[in-house]
Amino acid sequence: DAKTTQPNSMESNEEEPVHLPCNHSTISGTDYIHWYRQLPSQGPEYVIHGLTSNVNNRMASLAIAEDRKSSTLILHRATLRDAAVYYCILSRAGAQKLVFGQGTRLTINP
Amino acid sequence: DVKVTQSSRYLVKRTGEKVFLECVQDMDHENMFWYRQDPGLGLRLIYFSYDVKMKEKGDIPEGYSVSREKKERFSLILESASTNQTSMYLCASQTGAPPYEQYFGPGTRLTVT
C-alpha cells in the first residue's frame, strides 16, 4: 500500500480556514485519495475523496496537486466541532482495504 | 444516511470468557470490517468479509474469529478473552464499488479484567 505522510498535529482558530496537508509521493495512477476524520469517542467518518480533480462537498474541499504527490483538505470555516484526528488514506482501485496511519490531530481554538 | 450499529458501547468481561461483538449495517453493503484501535497504534484490521459466509484475515487475526451468516450482520468473536484484548473495537461497512468509502459504527470499548 502506498504511504501517506501527515503532520502529527495542527492548531487553528474558530471561523478561520484550515488547510490540512498530506504527502503521498508514491501514489500510483489508479489510487484514490480519501480523507476520514475521527471525532472524540466516535468511529471514523468519511469526509471526502478524489482521484485527479479537486473536489468539493458539504463538509470540505480536497485540492489535489497536479502531479498527485500531495493533497490538501480544506475546511473553509472551522468550528469547534471540527476538532478531530484527520486521516489521509490512499486506496488502490480494486483493493477495498484501507490502511489508516496516525493522522493529524486538529485543535480548534475558540 | 448509512447506519452502522454495534451492540454495545461499553463492555466489561473477565479473562477466559467468550465474547461476541455484533455489528449491523442497513445499506446492503457487501463488505464489512472489524478493527481495533489502541493509543499509539492507530486502527488495525482484524478481519473482513466480502460476502455472506466469506471471511478473510486482516493484520492481527490471532485470538479472534468472525461470523457472517447474513449480509447485514458481521460478528467478532473472542474465543477466550485476554487482558491484551482490552481495546476499542470498530466495525465498518463499505460500498462494493470504487472508491470504496467505509462507514463506521460508534465503537465498543471492551475491558477484559
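Before reading on, note that the structure itself is shown above.
Residues numbered from 1 in each chain as written. Chains lettered and ligands numbered in written order. Predicted model: local features only at pLDDT ≥ 70, side-chain atom pairs only at ≥ 80, totals over all residues. Heavy atoms only, no water.

Draft legend 1. A look at the overall build of chain B. What chain B contains, in helices and strands, is zero helices and 11 strands. Each helix and strand of chain B, placed in order from N terminus to C terminus, yields the pattern β-β-β-β-β-β-β-β-β-β-β. The globule rule puts the C-alpha radius of gyration for 113 residues at 13 Å, and the 13 Å found for chain B is close to it. Along the longest, intermediate and shortest principal axes, the C-alpha atoms of chain B span 40 × 30 × 25 Å. Across the 113 residues that make up chain B, the buried fraction comes to 50%. Look at the contacts in chain B between residues 6 or more apart in sequence, and 54% of them connect residues 24 or more apart. Of the roughly 5400 Å² of accessible surface on chain B, a fraction of 49% belongs to carbon and sulfur atoms. Positive and negative side-chain charges in chain B, numbering 15 and 15 respectively, have mean positions lying 7 Å apart. (Helix = DSSP H or I, 4+ residues; strand = E, 2+ residues; numbered from the N terminus. Rg over C-alpha atoms; globule rule 2.2 N^0.38 Å. Buried < 20%, exposed > 50% of the residue type's maximum accessible area, 1.4 Å probe, protein only. Contact = heavy atoms within 4.5 Å. Areas by Shrake-Rupley, 256 points an atom, 1.4 Å probe, with all protein chains shown as cover. Lys, Arg positive; Asp, Glu negative; His and termini not counted. Charge placed at Lys NZ, Arg CZ, Asp CG, Glu CD.)

Draft legend 2. Summary view of the packing of aromatic side chains. Overall, the coordinates contain 11 aromatic pairs over all chains when judged by the stated rule. With a centroid separation of 5.6 Å and an interplanar angle of 65 degrees, the aromatic rings of Tyr-36 of chain A and Phe-100 of chain A are classed as edge-to-face. Of this pair, Tyr-36 of chain A sits in strand β3 (residues 31-38) while Phe-100 of chain A sits in the loop between β8 (84-92) and β9 (104-109), and the two are 64 residues apart along the sequence. Taken individually, Tyr-36 of chain A and Phe-100 of chain A each receive the classification buried, so the pair is uniform in this respect. Taken together, a centroid distance of 6.3 Å and an interplanar angle of 20 degrees make the contact between Phe-33 of chain B and Tyr-35 of chain B stacked. Here Phe-33 of chain B matches Tyr-35 of chain B in class, with each residue buried. (Phe/Tyr/Trp six-rings, centres within 6.5 Å; stacked < 30°, edge-to-face > 60°.)

Draft legend 3. Focus on the state of the cysteines. Scanning the entire structure with this criterion turns up two disulfides over all chains. One disulfide in the model links Cys-22 of chain A with Cys-88 of chain A; its S-S distance is 2.1 Å. One quick way to see it: the torsion about the S-S bond of Cys-22 of chain A and Cys-88 of chain A is about -85 degrees, and its sign makes the bridge left-handed. Of the two residues, Cys-22 of chain A sits in strand β2 (residues 18-23) while Cys-88 of chain A sits in strand β8, which places them 66 residues apart along the sequence. Cys-88 of chain A carries the same exposure label as Cys-22 of chain A, and that label is buried. Paired by a disulfide, Cys-23 of chain B and Cys-91 of chain B hold their sulfur atoms 1.8 Å apart. Given an S-S torsion of about -75 degrees, the disulfide between Cys-23 of chain B and Cys-91 of chain B has left-handed geometry. With a gap of 68 residues between them, Cys-23 of chain B in strand β3 (residues 19-25) and Cys-91 of chain B in strand β9 (residues 87-94) connect regions that are remote in the sequence. (Disulfide = S-S within 2.5 Å.)

Draft legend 4. Summary view of the environment of Thr-26 of chain A. Among the structural elements, Thr-26 of chain A can be located in the loop between β2 and β3. In this structure the C-alpha to C-alpha distance between Thr-26 of chain A and Gln-96 of chain A, which are 70 residues apart in sequence, comes to 19 Å.

Draft legend 5. Region of interest: the pattern of salt bridges. Under the counting rule described, the total for this entry stands at 10 salt bridges over all chains. A salt bridge links Glu-22 of chain B to Arg-73 of chain B; the shortest N-O distance between them is 3.6 Å. Taken as a pair, Glu-22 of chain B in strand β3 and Arg-73 of chain B in strand β8 (residues 73-78) lie far apart in primary sequence, 51 residues in all. According to the relative accessible area criterion, Glu-22 of chain B is partly exposed, its value standing at 22%. Taking the relative accessible area as the measure of exposure, Arg-73 of chain B reaches 37% and is therefore partly exposed. Salt bridges linked by common partners bring Arg-37, Glu-45 and Asp-82 of chain A together as one network. (Salt bridge = Lys/Arg side-chain N within 4 Å of Asp/Glu carboxyl O.)

Draft legend 6. How the structure looks around unusual backbone geometry. Residue and element names in this part refer to chain B. Here Asp-28, not a glycine, exhibits a phi torsion of approximately 60 degrees, which is positive. Along the chain, Asp-28 falls in the loop between β3 and β4 (31-38). Here Lys-53, not a glycine, exhibits a phi torsion of approximately 60 degrees, which is positive. Its place among the elements puts Lys-53 in the loop between β5 (42-49) and β6 (56-57). Owing to a relative accessible area of 61%, Lys-53 belongs among the exposed residues under this scheme.

Take it as geometry only, folks, not as evidence of what the structure does.
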